Amino acid sequence: MLDRAVVDALFPSDLPEPSHWEEQYPPRGLGEGAKVTRLGPSPTGFLHIGGLYVGMIDRDLASHSGGSYIVRVEDTDQAREVPGAVEQFTKAFKYFGIEPDEADEVGSYGPYHQSQREQIYLTYVRELLRSGHAYLCFATKEELADITARQQATKLPTGYYGRWAIWRDKTAEDVQAALDEGRPYVVRFRSPGKAGERTKFVDAIRGELEHDANRNDVVILKASDQSPRLPTYHFAHAVDDHLMRVNLVIRGEEWISSVPTHLQLFDALGFERVEYAHIAPLMKQQGGSRRKLSKRKDPEASVEFFIEAGFPAPAVQYYMRGLVNARLAELPLAEALEAPISLAECGVAGPLVDLVKLDDICADHVATLSGEEIISLVSEWAETYDPELVTVLATERDAALAALRVERGPEVANPRKDLRKWADFRTAYGFFFPSLFPLVSDRTDERLGGLPPELIAAFAADFADGYADLEDGQEWFGQIRELAAKHGFAPNPKELKKNPDAYPGSIREAAQLIRVALTGSKASPDLHAVARTLGTDEVLRRVRALAG
RNA sequence: GGCGUGUUCGUCUAGUGGUCAGGACGUCGGAUUCUCAAUCCGGAAACACGGGUUCGAUCCCCGUACGCGCUACCA
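Since we're looking at a predicted model, the values are computed, not measured.

Caption draft 1: Geometry of the overall build of chain A. Across its full length, chain A carries 24 helices and 11 strands. Relative to the compact-globule value of 24 Å for 548 residues, chain A shows a C-alpha radius of gyration of 33 Å, a clear excess of over 25%. Oriented by its inertia axes, the alpha-carbon framework of chain A measures out at about 105 × 55 × 40 Å. A total of 548 residues make up chain A; the buried ones form 34% of that total.

Written out as structure tokens, the structure reads:
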């Protein structure tokens, strides 16, 4: 063990003692059972949907227990940091309504960026060094690679332990000599683990788990020739979660294997242990098997994907909550968003993200919204992703409201479900806006089904000349029926099938002419409703364009 | 390789020592219809495999297979 004087000389002389931090970050004095949770996103790219998923659970448990939810940016890997990532996190959390109680400038347990907590970490590293729970390691990358290679060659577990831990028991003289040479070092934890020893712990989701005790002298503080001097995840987890008074750590199941290490660290530091809940990761189907959603390969792994497409936040939340607790998927959306998540009911196998099911949920949800709500949500989304649409919605608001009353609205028993996400709006409803609608005047347009151009022109002209804006749907459609008969169309598809050469098409094809003229599409809401909504003038303008 | 963890219809899952193994999404068929989105009705579809324990196992135990994770100065 190093002399205290030698240890202290490694650190700034004004570095605070642990008591300083303990006083600055006192216990929270929350009620019985209050959960203090945290999410530790790493700004090495866009927020992963899995991060949002875990954050939602954190947020929920904190809220329902009267606790607090913290977002702590884990930016200790400065080399991999991506600029703008933190801003994107904030935006994503906001979009989905999963916002922290404490983050960045808000909260008295900060700073909430690990890169700004150097002093704190150093205090506790020094403490561990003083007590002999940690030591300096001057091993070079080459030496470490060599150790790993030799362990692999002899089929031994890899790691820095036992006789491989070459700096663990060096004399003070050797350490001093290396220090005098100015060699860079890392600080390693002196693991108390013994070969064959087992560690038992309780996971709030999985119950009692058992693992080999950690024997690895893990690095807790990265290289001394870097600035700022930052800790590894393991050490930062212990220090931060203790000082932020977090008492429930919810994280991905990939951390289960690290729990024995974390427990040793908490014990060595004299911290009270925290409760763990390890969540099964969101998966992706890959051929016949499945794998974790990958940020690089899967667009839907990024929360950005959902924001760009304008998936309604409540629908996404509802879907995710159903994955967390299947019971919530059986509840109506509003209830499911309010009902508390239960860790004990969490699945232990990673679920596949089913975008088709999400679509279904979105469609059902949007169908419950009013026209005003849809316009406001679409506008908000379009602010970033379709500025032209924002203007149109503002200047032609009446047209938008009218469009959204077509087969929709609270009084309709079976509302349309053609909007799943805001990016669908332009495709599904754009034709209602004169300024967004390109007239169809080319009679050879494939949308018209290849009917003879002169027939199309004559039909359209006839329709426009005799058009009446009738209120009754059957009567209104009667106009098309009569014209169809006059122009030789079969009265129904069955007749056409019986006698294909006798007709240019059936009533179906005839109606399609008007549909394409009015909407530019072969699929649309009820034609009568569309025509009434557009108004006589606009109907005539569009049909006459086709008549030529 | 070692250690850990998991496995019910295609997907998310419910469930129990004796159930026709339930629901939802998807899918298929039908109805409706001027096209869609829907809606309504109906169908197909699962307890990974092999041993035990038991009168009986999807459920309990042990193996096997397969998936996933950890085994970094990444988180």
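Caption draft 2: Main features of the pairing of strand E9 (residues 275-279). Of all 5 residues in E9, 4 are buried, a share of seventy percent or more. Both strand E8 (residues 248-252) and E9 contribute to a ladder of 5 bridges, which runs parallel. Pairing of Ile250 across the sheet is with Ala277, part of E9. Handedness of the β-α-β unit built from E8, helix H9 (residues 259-269) and E9 comes out right-handed.

Caption draft 3: Spatial organisation of the protein's contact with RNA strand B. The environment of RNA strand B is formed by 61 residues, the closest being Glu74, Ala223, Glu254, Ala326 and Pro351. If you list the elements that add at least two residues to the surface near RNA strand B, you get helix H6 (141-153), strand E6 (207-212), strand E11 (289-292), helix H11 (313-324), helix H14 (355-366), helix H22 (507-519) and helix H23 (527-534). Partitioning the surface near RNA strand B into residue classes produces 22 nonpolar, 16 polar and 23 charged.

Caption draft 4: Molecular detail of unusual backbone geometry. Of note in the backbone geometry, Asp104 takes a positive phi value of approximately 45° without being a glycine. Looking at Asp104, the number of C-beta atoms within 10 Å reads 15, which means it is partly exposed. The phi dihedral of Glu407 is positive, around 55°, even though this residue is not glycine. Of note, Glu407 is situated in the loop between helix H17 (397-403) and helix H18 (425-429). For Glu407, a count of 15 C-beta atoms within 10 Å translates into the label partly exposed.

Caption draft 5: Representation of the domain arrangement of chain A. According to the domain assignment, chain A consists of domain 1 (4-15 + 119-190 + 200-279), domain 2 (371-436) and domain 3 (446-547). On a C-alpha basis, the centres of domain 2 and domain 3 stand 25 Å from each other. Each side of the interface is counted separately: domain 2 has 8 residues, and domain 3 has 10 residues. Of the residues belonging to the side of domain 2 that touches domain 3, the class tally is 6 nonpolar, no polar and 2 charged.

Caption draft 6: Main features of the sheet that holds strand E4 (residues 186-189). The 3 strands are arranged E3-E4-E7 in an open sheet whose pairing can be described as antiparallel. At either margin of the open sheet sits one strand with a lone partner, and together these are strand E3 (134-137) and strand E7 (219-221). On average, each strand axis in the sheet is inclined to that of its neighbour by 45°, with strand direction left out of account. Both E4 and E7 contribute to a ladder of 2 bridges, which runs antiparallel. Paired with Arg188 across the two strands is Val219, which belongs to E7.

Caption draft 7: Structural view of the pairing of E6. The element E6 is largely exposed, with a buried count of 0 among its 6 residues. Linking strand E5 (residues 198-203) to E6, which pair antiparallel, is a turn of 3 residues.

Caption draft 8: A look at the nonpolar core. By size, the foremost hydrophobic cluster in this structure holds 97 residues, and its most contacted members are Leu52, Leu513 and Ala517. Counting residues per element, this core draws most heavily on helix H3 (residues 49-65), which supplies 8 residues. Among all residues touching Leu513, those that are not within four sequence positions of it are Leu448, Ile456, Phe459 and Ala460. Tyr135, Phe189, Ala238 and Ala268 belong to the second-largest nonpolar core, a separate cluster that totals 25 residues.

Caption draft 9: Highlighting the packing of helix H19 (residues 453-466) against H22. Taken N-terminus to C-terminus, the directions of H19 and H22 make an angle of 75°; their axes are 11 Å apart at the nearest point. Compared by their axis directions, H19 and H22 come out roughly perpendicular. Taking contact as the criterion, the partners of Ile456, Phe459, Ala460 and Phe463 in H19 are, on H22, Ala510, Leu513, Ile514 and Ala517. Counted by class, the contact of H19 with H22 contains 8 nonpolar, no polar and no charged residues.

Caption draft 10: Representation of helix H16 (residues 387-395) in the model. Considered for burial, the residues of H16 that qualify are Leu389, Val392 and Leu393. Axial view of H16: buried residues confined to an arc of 95°, hence all on one face. Set apart from the buried face of H16 by more than 90 degrees, the exposed residues are Pro387, Ala394 and Thr395.

Caption draft 11: Expanded view of the confidence of the model for chain A. Considering every residue of chain A, the mean pLDDT works out to 91; 97% of them sit at 70 or more. Model confidence for the complex is summarised by a pTM of 0.91, with the ipTM given as 0.92.

Caption draft 12: How the structure looks around helix H24 (residues 536-547). For H24, built from 12 residues, the straight-helix expectation of 16 Å at 1.5 Å per residue is met to within 8% by its first-to-last C-alpha distance of 16 Å. Tucked inside the fold, the buried residues of H24 contact H19, H22 and H23. Downstream of H24 by a residue or two, Gly548 has a phi angle that is positive, lying close to 90°.

Caption draft 13: Broad picture of the environment of Leu136. Within the secondary structure, Leu136 sits in strand E3. Judged by local crowding, Leu136 falls into the buried class, with 21 C-beta atoms found within 10 Å. Leu136 sits 376 residues away from Gln512 along the chain, and the two C-alpha atoms are 80 Å apart. If near-sequence neighbours (up to four positions away) are discounted, Leu136 is found in contact with Trp167, Val175, Tyr185 and Val187.

Caption draft 14: View of the environment of Thr140. Looking at the element boundaries, Thr140 is found in the loop between E3 and H6. For Thr140, a count of 10 C-beta atoms within 10 Å puts it in the exposed group. Spatially, the C-alpha atoms of Thr140 and Ala529 are 76 Å apart, while their sequence positions differ by 389 residues.

Caption draft 15: Representation of the packing of helix H15 (residues 371-385) against H16 within the structure. Interhelical geometry of H15 versus H16 gives an angle of 145° and a closest axis separation of 7 Å. Every pair of crossing elements has a handedness; the one defined by H15 and H16 is left-handed. Contact with H15, carried on its side by Ile375, Val378, Ser379, Ala382 and Glu383, involves Pro387, Leu389, Val390 and Leu393 of H16 and no other residues of that element. Residue composition of the contact of H15 with H16, grouped by class: 7 nonpolar, 1 polar and 1 charged.

Parameters at a glance
Residues numbered from 1 in each chain as written. Chains lettered and ligands numbered in written order. Predicted model: local features only at pLDDT ≥ 70, side-chain atom pairs only at ≥ 80, totals over all residues. Helix = DSSP H or I, 4+ residues; strand = E, 2+ residues; numbered from the N terminus. Rg over C-alpha atoms; globule rule 2.2 N^0.38 Å. Buried ≥ 20, exposed ≤ 12 C-beta atoms within 10 Å, placed from the backbone. Pairing = 2+ DSSP bridges. Right-handed = clockwise from strand over helix to strand, strands pointing away. Near = placed C-beta within 6 Å. Nonpolar A, V, L, I, M, F, W, Y, C, P; charged D, E, K, R; others polar. Domains from an automatic or database assignment. Contact = placed C-beta atoms within 7 Å. Axes fitted to C-alpha atoms, helices over the stretch in contact; angles between N-to-C directions. Core = buried A, V, L, I, M, F, W, Y, C linked by C-beta atoms within 7 Å. Parallel < 35°, antiparallel > 145°, perpendicular 65-115°, else oblique. Arc of directions from axis to C-beta. pLDDT = per-residue confidence, 0-100. Expected span 1.5 Å × (residues − 1). Left-handed = near helix turned anticlockwise from the far one by under 90°.

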